[in-house]
Amino acid sequence: MRQLSNSAVPAEVPARGRERSFATEAGKLVLGAGEVFHGETILAITKALLQAGVAYVGGYPGAPVSHLIDVLADAYETVLKPMGVQFEQSASEAGAAALLGASIHYPLRGAVTWKSIVGTNVASDALSNLASAGVTGGALIVVGEDYGEGASVIQERTHATALKSSLPLIDPRYEMARMVDLTEEAFGLSEACHLPVILSLRIRAAHMTGSFVCRDNRPPPYGTRNPFPEARYDYGRIVLPPSIYEHEREKAQQRLPAARRYIVAHRLNEHLPGTGGRLGVILQGGTYGVVQRALRRLGLGNAVGRTELPLLVLNVIHPLVPDEIESFVAAKDAVLVVEEGNPALIEQEVRAIAQRAGSACRIAGKDVLPVAGEYTGEVVRGGLARWLTDVAGGDLSRRVGERQRMLSEAVEQARSMAGAALPPRPPGFCTGCPERPIFSALKLLQNETGRLHISSDIGCNTFATLPPFNMGSTVLGYGMSLASAGAVGPALGKPSVAVMGDGGFWHNGITTGAANAQWNRHDAVLIILENGYASATGQQHVPSTGRNASGKPVRLSIEATLRGMGVNWIRRVDSYDVQASMQTLREALSAPAGGLRVVISDQECRLARRRRDQRLRQEAEAAGRPLRRARFGVDEEVCTGDHSCMRLSGCPSLTLRPPADPLKDGPTAYVAADCVACGLCGSAAQAAKLCPSFYRATCTSNPTFGQRLRQALAGRVMNLMGAS
Amino acid sequence: MNSDRPICVLLAAVGGQGGGVLGDWLVEAARIAGYPAQATSIPGVAQRTGATTYYFELYPDREPPAAPVFTLFPDPGDVDLVAALEPTEAGRALERGFVTQGTTVITATDRIYSTAEKTVAGDGRTAIGAILDGIQQAAGRVIRFGAWPGQSLNAVLLGAVAGSAVLPLAPDDFRAAIRARGVAVRDNLAGFEQGLQLARRPGPTVTTDPATRCEPVPPILEPALAMAKLPEPLRPLVGHALARLLDYQDAAYAARYLRRLAPVVEAAVPAGDAEHRLVATVARRLAAWMSYEDVMRVAQLKTRPGRLARIRTEVGAGAGEPVEVVEFLKPGREELLALVPRALRGWLPGTGRLEAGMPLRIRTSSPSGYAALKVLAWLRRVRPHSPVFALEQAAIDAWLGAVVTAAGRSYSLACATAELSVWVRGYGQVRARGRSALETRFADWARRVESDPEGLEAEVRASIEAARNDPDAGCSTAAQPA
């Protein structure tokens, strides 16, 4: 631990970054016309952007779209730059949305990406203004949105944003060639209606594998290699009165109608007539697979997509085209709307369209399907079966009902064999994660201070809200932890503690958190976990990493930034030193002057460090240089089987071993071979005065002559004392 | 099952086990063999070190009449193969309805314990036998495999997938996929071959804990053990305890163990201890308590002959490769005082500073560090003169007295009381608090046993429960007398 003065701000660029390589993926981005792409959807979409002739790409990482940014960052020098395409990893989603401002005046196609709904929320100020001003060049936003198993954020729909800002929203049918086509069509749609377009992908779809036949990449007509000849000004694009009144009229009377015309003309939605009949299903493109599967399993379809029921597949879920809906509904007695997410925006609109058309068709949706949650195969099959038994009548009702009953019974019977309750297995910190020890320190510190109000943030650090730490009273958004405790400290009469990653700090915490707390003289302690990356989304670079996403060496300093704001109480601790962290936190909590105190818990993300270490080890090994490898161990006889160490750690490599000693109460602690010797076990054992069973063993391969000699001599002496 | 359907494969794993690579191999093998196929996964932070699945579908016709419609979700009752890298994750697949009569299950049987299992004081492990039995009953076919030292589990599992022949892919397609992916090709091919053999000739894989092992009775204590009145089945355990206490202190101390056990044995029979549960519990817990770990004991264990050799094996040190071993000790004030003869204790200045303990990092791989621990270990000869020793012995006797008293009134209360010693654990202040809490509880014991044994038993059980559920409470209020 050291206190930093202004002059002690580390100026050197740390040896961080550039440990991951997406060279293989980048190679697929240059496939030419007629060549076949094999890979994951998110990479296919990235390729589609280049085929569509984008002039610029930006975004903020978040599952499942991080990969788009990762690959383009790696492909910058070899693919993007020669084509004249700009690329940046924006500082936040708001920055990414604002980047699309380039398409307002200029015929530049641009794409940005982020995780929805959270990223869309961050971006919404720029997005609303962009949608109002309208675009000249096609503007596309690729978002990842998910329900259920794949989701790690609040369950809300981007659809609502699309509705209020008049943004066309594509939810494509998950077939790779179709998704690539729709991505390219999105730019045409955007240019036709002068609105930015959103393409939404669920996580399983983003990581779906498949293939498609490529087209050539199109260099943008204007870009870094061919600058646009003039800067433009047009008051009509400024969001002030009276333009805004005109924008609103335009959206309703020109832009959305133009979008509908484009959707029809380019057949973006798909009508599968089936074998006719008076029942039909209207579905979001993204639910096509589960609907088809459910129909097959209910005996109403086959494996290559031939169904009895007519289907209207909405690849564009906003705006809907009333004519398409009307003519689908017109000839039907009953229609089911399959729409994932809450509220049921499509269903409401379909009902309204049908009612306006005077249709007598019975429309069902969230009355037979669940209101909330992920639409898995089982869920959709259940809903379809319920709906069909209800509306089909006669033989079909009986057939479907019987089929579903048989399927359910077989599954329920098998499920009833499940022998025992299974242990929950939520995600957690990785082996050796540098974020874990600060929570060990906080857990121990609360034995002295009583329970503290700890506000949590977004990032790997959110895992501390789970066992064994169970720590973090609120999570209000990325970089929001400090601000979210603003009214708590005074109310509890003691300083609050906010935890934030360096990613969160640069994203939003710097203004919403630090500047706000400093300006309003909050009595608060901010812990910044500086691990050097946006780790939760895959070790993307942040401003303090040392390099930007395109690899240029540039580093912004967290301390210098805070000092520039006038925050003077800043301490940096080695995150693996639990006792030093506890001592620093004690000082921070009891600092008499009040105001904002910042503790920077400093150690590099272990995943990134491991990649580099692995490379360095291979080099050292090849060169025959001495090489140290360390791991922790537990003396089984010393371990009491109390597992306090695990309640302070939760490290995957600190695990259990069945006891050999009949006097033990249960399994003893055991350090598995994947231990990276981060040091937490030893440090926590000392800080908490746990049992002394831990040891660290360090083996040196390729020892020097001196090292060998010392080892041999020590061995002799110790054998005399009875060590052998 | 309808033949006009894709073959559906669910891979279940714990984040970090290599399930993603396994999925890649399947996709690549299908591509090589020319079958339409699709895979998906939920990577990223939502699954890091947690339960995760990968899903794969293959259409078993190289030239389908039209593009097959694949889906991204397994559907209960429609999964042909569940391949799990961890047995409770196979269990999770069953719980979610993905294992039915038409399903082949291939599962590793080696556990990766979850945080929930690890943080319990004592044994919080899930019983794996019942889970595997359930899978056996529900599935059409089960292939289990244990650990393959030196092989990557996902490659072994891929081999077993190939061997199970659920997919219309030849072993060579998989081998080509491993080569095409280009990661650790030689090792993965070796693992693949192991798995392939295993699936073709599946043998039963037994997964039980290695049995605990009782030390033989030291000869010097044989006569005493022979004379002791004990239930026959417990003699090996008691012999083990005697060996432990002889190693811990001396023969006299071991003999004291037998003397302490005698009244419990005597009280147990009339109390109804036909199965010897009470005596077994006390015999085990008494030996553990009497060999409580203090600085001397830890030093003794850490200087055992052969320990360094064991650690060398553990880190895989080759001949001539130096290994440095560092111990992390932090004796507290009470433990340090225990090392100082009583007469000198008054002379020590300001021991209050030691309240927080004295962090020591000792290199037992160096002669000086090893010698220092040897000296500490030797000090066990003066252990009986330390005040802590006296406190521990008094607490032990109070506990044993409480057990015997309880046995005279209620057998189940006696059994519960025997478990109460769980509170005396850890080191330093935590241990001292636990000890004094027990003494407080036993203060009014005899009267409570007489007047309200049921109420008392409920309190005792709640206290044991609290010890297990809130183990860091040190001394929970539940341990205090009502």
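Residue numbers run consecutively from 1 along every chain, following the written order of its sequence. Here the convention is simple: chains get letters from A, ligands get numbers from 1, in the order in which they are written. pLDDT decides what is reported in this predicted model: residues at 70 or higher carry local features, side-chain atom pairs at 80 or more are listed and counted, and totals for whole chains, interfaces and linings draw on all residues regardless.

A few words on the overall build of chain A. Tallying secondary structure elements over chain A gives 26 helices and 29 strands in all. Each of the three principal axes of chain A carries a C-alpha extent, and together these read 95 × 70 × 60 Å. Long-range pairs, those at least 24 residues apart, make up 79% of the contacts in chain A with a sequence separation of at least 6. By the criteria applied, helices consist of DSSP H or I runs no shorter than four residues and strands consist of E runs no shorter than two, each listed in order from the N terminus. Whether two residues are in contact depends on their C-beta atoms, placed from the backbone: they are in contact if these lie within 7 Å.

Residue and element names in this part refer to chain B. Residues are called buried when their C-beta atom has 20 or more other C-beta atoms within 10 Å, exposed when it has 12 or fewer, and partly exposed otherwise; all C-beta atoms are positioned from the backbone. Along strand β6 (residues 141–145), four of the five residues are buried, which leaves the element largely enclosed by surrounding structure. Between any two strands, pairing holds if DSSP finds at least two bridges. Both strand β5 (residues 104–108) and β6 contribute to a ladder of five bridges, which runs parallel. Along β6, the bridge assignment pairs valine 105 with valine 142.

All right, on to the interface of chain B and chain A then. The partner chain A presents 100 residues to the 113 residues of chain B that form the contact. Pairing geometry for strand β29 (residues 694–701) of chain A and strand β7 (residues 323–329) of chain B, over five bridges, is antiparallel. Pairing of A:Cys699 across the sheet is with B:Val323, part of β7(B).

As a further point, take the sheet that holds strand β12 (residues 311–314) of chain A. Residues and elements named next belong to chain A. Taking strand neighbours across the sheet as the criterion, the five strands line up as β10-β12-β11-β14-β15 in an open arrangement whose pairing is mixed. Because the sheet does not close on itself, it has two edges, and the strands there are β10 (270–272) and β15 (362–364). For this sheet the average axis-to-axis angle between neighbouring strands, irrespective of direction, equals 15 degrees. Looking at chain direction, strand β14 (residues 334–338) and β15 are connected through three bridges and run parallel. Lines are fitted to the C-alpha atoms to define the axes, a helix being fitted only along its stretch in contact, and any angle between axes, read from their N-to-C directions, falls within 0 to 180 degrees.

Residues and elements named next belong to chain B. Taken together, the six strands give an open sheet; going across it, the order is β2-β3-β1-β4-β5-β6, and neighbouring strands pair in mixed fashion. This sheet does not close on itself; its edge strands, each paired only once, are β2 (37–41) and β6. Averaged over all pairs of adjacent strands, the angle between their axes in this sheet comes to 10 degrees, without regard to strand direction. As paired elements, strand β1 (residues 7–14) and strand β3 (residues 51–58) share eight bridges and run antiparallel to each other. Note that in β3 the partner of isoleucine 7 across the bridge is leucine 58. Of the strands in this sheet, β4 (81–84), β5 and β6 touch helix α5 (residues 153–164), which is tilted by about 155 degrees from β5.

Moving on, we get to the packing of helix α17 (residues 387–407) of chain B against helix α18 (residues 411–419) of chain B. Residue and element names in this part refer to chain B. Between α17 and α18, whose axes approach to 7 Å, the crossing angle comes to 165 degrees. Between α17 and α18, the interaxial angle falls into the category roughly antiparallel. Classified by chirality, the crossing of α18 by α17 is left-handed. The residues of α18 that touch α17, namely those facing Ala402, Val403, Ala406 and Ala407, are Tyr411, Leu413, Ala414, Thr417 and Ala418. In this count, Pro and Cys sit with the nonpolar residues alongside Ala, Val, Leu, Ile, Met, Phe, Trp and Tyr, while Asp, Glu, Lys and Arg are called charged and the others, Gly among them, polar. When its residues are assigned to classes, the contact of α17 with α18 shows eight nonpolar, one polar and no charged. Roughly parallel here means an angle under 35 degrees, roughly antiparallel means over 145, roughly perpendicular means 65 to 115, and every remaining angle is called oblique. Crossing chirality is assigned from the near helix's rotation relative to the far helix, an anticlockwise turn below a right angle marking it left-handed and a clockwise turn marking it right-handed.

All names here are of chain B. The predictor's confidence in any single residue is recorded as pLDDT, a number from 0 to 100. Of all residues in chain B, 90% have pLDDT values of 70 or greater, and the mean over the chain is 89. In the model of chain B, helix α15 (residues 342–345) stands out as the element of lowest mean pLDDT, 66, in contrast to β4, which has the highest, 98. In this model, residues 474–482 is a region of pLDDT below 50 whose contacts with residues beyond four sequence positions or in other chains number 22 contacts.

For the rest of this paragraph, the subject is the nonpolar core. Core analysis: the biggest nonpolar cluster contains 203 residues, and A:Leu72, A:Val197, B:Val82, B:Val99, B:Ile135 and B:Leu157 have the highest contact counts within it. Top element by residues in this core is helix α9 (residues 176–193) of chain A. It accounts for nine residues. Beyond its immediate chain neighbours, meaning those up to four positions away, B:Ile135 contacts B:Ala90, B:Gly91, B:Leu94, B:Val99, B:Val105 and B:Val142. A set of buried residues drawn from Ala, Val, Leu, Ile, Met, Phe, Trp, Tyr and Cys, joined through C-beta atoms within 7 Å, is what defines a nonpolar core.

Let us look at unusual backbone geometry. Residue and element names in this part refer to chain A. Between alanine 63 and proline 64 the backbone carries a cis peptide bond, its omega angle lying at 0 degrees. Assignment of secondary structure puts proline 64 in the loop between β3 (56–59) and α3 (66–74). In this structure, the amide linkage connecting proline 241 to the following residue, proline 242, adopts the cis form with an omega of 5 degrees. Residue placement: proline 242 occurs in the loop between β9 (209–213) and α11 (243–265). Residues other than glycine seldom take positive phi values, yet histidine 194 does so here, at roughly 60 degrees. Relative to the elements of secondary structure, histidine 194 occurs in the loop between α9 and β8 (197–201).

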